[in-house]
Amino acid sequence: MSARPFFRISAAVSALLAVTGLFAVAALTTPDVTGRAKIALDAVLVAIWAAYVLQLIDTLIIQRASRSRDRTPAIAVDVLAVVVPLGAFLFAGSRDQSLYCAIWLLKPLRDSTFFRMLGRVVANEARNLVGVTSIFGIVLFGAALAAYLIERDVQPDRFGSIPQAMWWAVVTLSTTGYGDEIPQSFAGRVLAGLVMMSGIGIFALWAGILATGFAEEVRRRDFVRNWQLVAAVPLFQKLSSAALVEIVRALRSRVVPAGTVIFRKGDVGDQMFFIVEGHVSVATPNPVDLSAGSFFGEMALITGEPRSATVSAATEVSLLSLYAVDFQVLSSSNPDIAEVIRKTALERRGAVPKG
Ligand code: CMP
């Protein structure tokens, strides 16, 4: 426990070491790097490897200490980052030894939430992705077959077999167009145009599926987070589960640092806020402190008047905000809650001196 902080490597430092190591690997492949420069680069690789050994030990200690969280991917990456270069040092020829440090390419993936999210998106959209990939395969084979039939007599050296024509089909379908194989006949060129257009459509479909999958995943993550936050607001505990789902979808979470002005007196109010954690200060003549479970900003929504007071974060505060339009929906579907909010607004209004 006490030794752990001495070799803790943050995710950013770990990724930075990987980038440095990969640059060193790349530099070592250039013939000009010899003598002292080579020794220096090798030393950099050894130092990074040593740091990764410490990181592996740290990961194993954490895994032992907290059995609840599965750190298998991190352990797998950390083990590979140590074992592969070590294996290369022991068994590979000296020329290629440093190349094995390219396994450190995996290090930035180890702590990235983005890649975890990408994994979930691919898993969720697997069916659609497989569907589009199948279309890609069908068009690819069909294009290669058609190009073979059309061009085999004109250019037997380039389109003399379907596997040969397949390269042309891949290059054309992906709209890369190296230009090393070009159909000569009119029919071949018409085919090339069709294949290119199909390629654009297929890539657009892939991009569309992934974009929708990401949007869905972000929405789901926000929903789960808001669901947990809503539990901290007593007002919502009276809601039925259907109404709760509706409100959780409508709420947006936000963390505001201490001292930030959330809105000022006289501003136009288009949303109200629920405090999940922390305190806000309402700058009425006798300043009021509101804490977790309270709400503010409701008066402007109910009366349509500008904000009656400036509200700022007294501590770091976690908020859920509800826009006016969603407030109206909530009010009509849950009159009880609307009544509590309206009553509170009236009481507060009574406490605010006019003018
Ligand atoms: P609104 O007028 O939209 O913006 C300022 C907010 O401060 C107001 O809504 C209330 O939510 C809150 N507020 C105003 N006066 C009081 C008060 N006396 N006590 C608690 N909160 C208040």
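Structure report, in brief. All values reported here derive from a predicted model rather than from experimental measurement.

Cut-off values and rules
- Residue numbers restart at each chain and count upward from 1, following the sequence in its written direction.
- Predicted model: local features are reported for residues with pLDDT of at least 70 only, side-chain atom pairs are reported and counted for 80 or more only, and whole-chain, interface and lining totals are derived from all residues.
- The side-chain values count all of the structure's non-hydrogen atoms but skip hydrogen atoms and water molecules.
- We call a residue near a molecule or strand as soon as one heavy atom of that residue lies within 4 Å of the molecule or strand.
- Any pair of N or O atoms that falls within 3.5 Å is considered a polar contact. Within protein, one atom must be able to donate a hydrogen and the other to accept it, and sequence-neighbouring residues count only if both atoms are side-chain atoms.
- Working definition of accessibility: Shrake-Rupley area with a 1.4 Å probe, residue cover restricted to the visible protein chains.
- A run of H or I in DSSP counts as a helix once it spans at least four residues, and a run of E counts as a strand once it spans at least two, with each numbered from the N terminus.
- Three classes are used, and their members are as follows: Ala, Val, Leu, Ile, Met, Phe, Trp, Tyr, Cys and Pro are nonpolar, Asp, Glu, Lys and Arg are charged, and the others, Gly among them, are polar.
- Each residue's exposure class comes from its accessible area (1.4 Å probe, protein chains only) as a fraction of the maximum for that residue type: buried when under 20%, exposed when over 50%, partly exposed otherwise.
- When DSSP finds at least two bridges between two strands, those strands are taken to pair.
- Between N-to-C directions, angles span 0 to 180 degrees; the directions come from axes that are lines fitted to C-alpha atoms, helices contributing only their stretch in contact.
- Only buried Ala, Val, Leu, Ile, Met, Phe, Trp, Tyr and Cys residues count toward a nonpolar core, and they belong to the same one when joined by side-chain atoms within 4.5 Å.
- Every residue pair with non-hydrogen atoms within 4.5 Å of one another is taken to be in contact.
- An angle below 35 degrees is treated as roughly parallel, one above 145 as roughly antiparallel, one from 65 to 115 as roughly perpendicular, and anything else as oblique.
- Crossing handedness follows the turn of the near helix against the far one: under a right angle anticlockwise gives a left-handed crossing, and clockwise gives a right-handed one.
- Between the first and last residue of a helix there are one fewer steps than residues, each counted as 1.5 Å, and that sum is the expected span.
- Each direction from the helix axis to a C-beta atom contributes to the arc, which is the arc of those directions.

## Quick notes on the site of the ligand
Right, so step 1: Near the ligand there are 16 residues, and of these Gly297, Glu298, Ala300, Arg307 and Ser308 occur at the shortest range.
Right, so step 2: Here methionine 299 contributes a backbone N or O atom positioned 3.5 Å from an oxygen atom of the ligand.
Right, so step 3: Contact between the ligand and serine 308: an oxygen atom at 2.8 Å from a side-chain N or O atom of the residue.
Right, so step 4: Protein contacts shield 95% of the accessible area of the ligand, which totals 460 Å² for the unbound molecule.
Right, so step 5: Within the residue set of the shell around the ligand, elements represented by two or more residues are α11 (298–303) and α13 (335–351).
Right, so step 6: Class assignment for the residues of the shell around the ligand results in 10 nonpolar, 3 polar and 3 charged.

## Structural notes on unusual backbone geometry
Right, so step 1: For threonine 175, which is not glycine, the phi dihedral falls at a positive 55°.
Right, so step 2: Its place among the elements puts threonine 175 in the loop between α8 (162–173) and α9 (186–230).
Right, so step 3: Take threonine 175: its relative accessible area is 42%, and that puts it in the partly exposed class.

## Description of the pairing of strand β8 (residues 317–323)
Right, so step 1: In terms of residue burial, β8 counts as a mostly covered element, since 6 of its 7 residues are buried.
Right, so step 2: Pairing between strand β1 (residues 252–256) and β8: 5 bridges, direction antiparallel. Bridging from a neighbouring strand, arginine 252 pairs with serine 321 of β8.
Right, so step 3: The pairing of strand β3 (residues 271–277) with β8 spans 6 bridges and is antiparallel. Across the sheet, residue isoleucine 275 finds its bridge partner in β8, namely leucine 319.

## Section: the sheet that holds strand β7 (residues 311–313)
Right, so step 1: Spatially, the 4 strands line up as an open sheet ordered β2-β7-β4-β5, and their pairing is antiparallel. Single-partner strands in this sheet number two, and they are β2 (261–263) and β5 (288–290). In this sheet, neighbouring strand axes are inclined to one another by 30° on average, regardless of whether the strands run parallel or antiparallel.

## Here's the deal with the environment of threonine 284
Right, so step 1: Relative to the helices and strands, threonine 284 is located in the loop between β4 (280–282) and β5.
Right, so step 2: Taking the C-alpha atoms as reference points, threonine 284 and arginine 127, separated by 157 residues in sequence, lie 57 Å from one another.
Right, so step 3: A distance of 2.9 Å separates the side chain of threonine 284 from the backbone oxygen of asparagine 286, its partner in a polar contact.

## Describing the nonpolar core
Right, so step 1: Counting 23 residues, the largest nonpolar core has Phe236, Ile247, Leu251, Met272, Phe274, Leu320 and Leu322 as its most contacted members.
Right, so step 2: For this core, the secondary structure elements donating two or more residues are α9, α10 (241–250), β3, β8, α12 (324–333) and α13.
Right, so step 3: Each residue touching leucine 320, except ones within four places of it in the same chain, is listed here: Asn226, Leu229, Val230, Val233, Leu251, Arg252, Ser253, Met272, Phe273, Phe274 and Val276.
Right, so step 4: With 19 residues, the next largest nonpolar core counts Leu129, Val195, Ile202 and Trp206 among its residues.

## Concerning the packing of helix α1 (residues 11–28) against helix α2 (residues 35–65)
Right, so step 1: One way to put it is that α1 packs onto α2 with a least axis distance of 10 Å and a crossing angle of 150°. Considering the angle they form, α1 stands roughly antiparallel to α2. Of the two possible hands of crossing, α1 and α2 adopt the one that is left-handed. Here Ser14, Leu17, Ala18, Thr20, Gly21, Ala24, Val25, Ala27 and Leu28 of α1 lie close against α2, whose contacting residues are Lys38, Leu41, Asp42, Val44, Leu45, Ile48, Ala51, Tyr52 and Gln55.
Right, so step 2: For the contact of α1 with α2, the class distribution of residues is 12 nonpolar, 4 polar and 2 charged.

## A closer look at α1
Right, so step 1: If you check α1, its first and last C-alpha atoms are 26 Å apart, about what 18 residues at 1.5 Å a residue would give, namely 26 Å.
Right, so step 2: Listing the buried residues of α1 in full gives Ser14, Ala18, Gly21, Ala24, Val25 and Leu28. Projected onto a plane normal to the axis of α1, the buried residues spread over an arc of 125° and lie on a single side. Opposite the buried face of α1, at more than 90 degrees from it, the exposed residues are Ala12, Leu16 and Phe23.

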